[in-house]
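Report on the structure
Spelled out from the first residue to the last, the chains are:
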Amino acid sequence: MFSNFKRMKRIISPSVLAADFSNLKSACEMINRSDAEWFHIDVMDGVFVPNISFGFPVLEAIKKHCTKFIDVHIMIVHPEKYVKRFAEAGAQMLTFHYEAAENPDEVIELIRQQGIKVGITINPDIPVESLKPYIDKVDMVLLMSVFAGYGGQSFIEETYERLKTLKKMIDDLNPKCLIEIDGGVSIRNSKQLFDAGANVLVAGSAVFNAADPMQMIKNMLNS
């Protein structure tokens with residue numbers, strides 16, 4: 001179904017964290033009708049990050065209604081313990097934090113064994129160069145443009161320079177690897193992020209708080 005995964009150049013991945021939790025079916029249906037290619041789900045454990053969000057039952061429920069590629073970002077300790085369950089619950093891309101894994105290579109291999117896409121991510125205070133040993137082993141790098149797990153943060157402007165560094169590393173080591181940006185993404189910075197080399201933009205409140213979410217997705221894609 002997603003054979004064109006590596007050819008996608010501009011993708012919006014609306015974040016369900018900003019949707020109306022009392023009507024997630026409606027949010028899924030809106031994304032299904034929209035130009036968004038992916039659907040982003042943030043999983044927080046209250047340990048690696050201070051908030052707690054969705055568990056497996058919610059992911060399974062979303063899977064029943066969502067026809068788009070399910071992009072899951074896990075902000076949890078010991079990610080290796082839960083890879084199989086996330087894959088079984090519906091994740092088609094599983095992105096884990098470099099900082100939360102004692103052995104990133106092990107987590108990458110466990111995700112690969114489940115037959116789904118592999119992503120790795122870092123918070124804004126972790127040097128981009130830390131990811132160099134893993135670039136050629138993953139399908140995507142998620143560059144956080146705010147600190148994971150904290151709501152209401154503004155986009156960190158240093159992200160552009162970090163994105164430039166990451167893009168160079170990927171071009172050298174694994175040109176097929178996608179770059180995703182998450183945190184404070186909106187119509188105000190979508191063009192600059194795409195132009196700088198991002199392939200996937202995670203947009204939460206920018207989409208779900210818009211007067212016309214489907215039009216906002218279209219606008220960001222065409223920015």
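Here, every reference points to the structure presented above.
For clarity, every value in this text was computed on a predicted model and none was experimentally measured. Each chain has its residues counted from 1, running along the sequence as written. Only residues with pLDDT of at least 70 are given local features in this predicted model, and only at 80 or more are side-chain atom pairs given and counted; all residues enter the totals for whole chains, interfaces and linings. By convention in this description, side-chain values take in all heavy atoms of the structure and omit both hydrogens and water.

**Section: the pattern of salt bridges**
Where charged atoms of side chains with opposite charge meet at close range, the side chains can pair. Basic side-chain nitrogens of Lys or Arg form a salt bridge, by our definition, when they fall within 4 Å of a carboxyl oxygen of Asp or Glu. Tallying each qualifying case throughout the model produces eight salt bridges. In this structure, Asp195 and Arg10 form a salt bridge, with 3.5 Å as the shortest nitrogen-oxygen distance. Here Arg10 lies in the segment before strand 1 (11–14) and Asp195 lies in helix 6 (residues 190–195), a separation of 185 residues in the sequence. Judged by its relative accessible area of 31%, Arg10 is partly exposed. Of the charged contacts in the structure, one is a salt bridge between Asp139 and Arg112, with a shortest N-O distance of 2.9 Å. Separated by 27 residues along the polypeptide, Asp139 in the loop between strand 5 (117–122) and strand 6 (140–144) and Arg112 in helix 4 (residues 104–113) bring together distant segments of the chain. Residue Arg112 is classed as partly exposed on the basis of its relative accessible area, which comes to 34%. Labels follow the DSSP assignment, with helices taken as runs of H or I lasting at least four residues and strands as runs of E lasting at least two, numbered in each case from the N terminus. Residue burial is assigned from relative accessible area. The probe radius is 1.4 Å, only protein chains are included, and a residue is buried under 20% of its type maximum, exposed over 50%, and partly exposed in between.

**Brief notes about helix 8 (residues 213–221)**
Residues of helix 8 that are buried include every one of Pro213, Met216, Ile217, Met220 and Leu221, and no others. Projection of helix 8 onto a plane perpendicular to its axis shows the buried side chains occupying an angular sector of 135°, all on one side. An arc is given here, and it is the one of the directions from the helix axis to the C-beta atoms.

**Let's talk about the packing of aromatic side chains**
For this analysis, a ring pair means two rings from Phe, Tyr or Trp (six-membered ring only for Trp) whose centres lie within 6.5 Å, classed as stacked if their planes differ by under 30 degrees, edge-to-face if by over 60, and tilted for the remaining angles. Throughout the structure, instances matching the rule amount to four aromatic pairs. Ring geometry for Phe56 against Phe86: centres 4.7 Å apart, planes inclined by 50°, an arrangement best described as tilted. Taken as a pair, Phe56 in helix 2 (residues 56–65) and Phe86 in helix 3 (residues 83–89) lie far apart in primary sequence, 30 residues in all. Phe56 gets classed as buried once you look at its relative accessible area, which sits at 13%. A ring pair is formed by Phe155 and Tyr160, whose centres lie 5.3 Å apart and whose planes are at 55°; its orientation type is tilted. Note on accessibility: Phe155 and Tyr160 belong to one class, buried.

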